[in-house]
Amino acid sequence: MRLHHRRFLLANAIGAAAWAGAITLLGGLLGTAAQSWVSGVGWVLLAVVVVVALLVSRRLHRMFEERVAQFSDESRG
């Protein structure tokens, strides 16, 4: 994107500070309500992440196997 390194680093640092500040503010405002919500939803989110990771890894494995077969066919002639 032809953005100079210094400008990118400055924008990245400002974005990180804004994100951290917003999350901290949100956590402070919600307080214990956020804690109880996250603890209740945590296991569901973990299960979703595990299922998605399994599906993605299965797809990647199939793609890898297809490419190995294709390479093998090409190298044989």
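In this text, all values refer to a predicted model and were calculated from it rather than measured experimentally. (Residues numbered from 1 in each chain as written. Predicted model: local features only at pLDDT ≥ 70, side-chain atom pairs only at ≥ 80, totals over all residues. Heavy atoms only, no water.)

Chemist: Give me the lowdown on the overall build of the protein, citing residues and values where you can.
Modeler: Within the protein one finds 2 helices and 0 strands. In terms of overall dimensions, the protein is more spread out than a globule: its C-alpha atoms have a radius of gyration of 22 Å, far above the 11 Å expected for 77 residues. Viewed in the frame of its principal axes, the protein has a C-alpha envelope of about 65 × 45 × 10 Å. Here the protein holds 77 residues, and 1% of them are scored as buried. As displayed, the protein has an accessible area near 7400 Å², and 69% of this comes from carbon and sulfur atoms. (Helix = DSSP H or I, 4+ residues; strand = E, 2+ residues; numbered from the N terminus. Rg over C-alpha atoms; globule rule 2.2 N^0.38 Å. Buried < 20%, exposed > 50% of the residue type's maximum accessible area, 1.4 Å probe, protein only. Areas by Shrake-Rupley, 256 points an atom, 1.4 Å probe, with all protein chains shown as cover.)

Chemist: Lay out helix α1 (residues 5-30) with the relevant residues and their values.
Modeler: Here α1 is 26 residues long and its end C-alpha atoms lie 37 Å apart, about the 38 Å a rise of 1.5 Å per residue gives. Residue glycine 31 follows α1 closely and has a positive phi angle near 55°. (Expected span 1.5 Å × (residues − 1).)

Chemist: Please set out a nonpolar patch on the surface residue by residue, giving values where relevant.
Modeler: On the surface, a cluster of nonpolar side chains totalling about 680 Å² of accessible area is made up of Trp19, Ile23, Leu25, Leu26, Leu29 and Leu30. Residue position: leucine 25 is located in helix α1. (Patch = residues over 30% accessible without salt bridge, like charges linked within 9 Å, V, L, I, M, F, W, Y side chains within 5 Å. Salt bridge = Lys/Arg side-chain N within 4 Å of Asp/Glu carboxyl O.)

Chemist: Would you mind going over the environment of glutamate 65 in detail, with residue names and values included?
Modeler: Residue placement: glutamate 65 occurs in helix α2 (residues 32-76). A residue is classified by how much of its surface remains accessible, and glutamate 65, at 40% relative accessible area, is partly exposed. In this structure, the C-alpha to C-alpha distance between glutamate 65 and leucine 3, residues 62 residues apart in sequence, is 38 Å.

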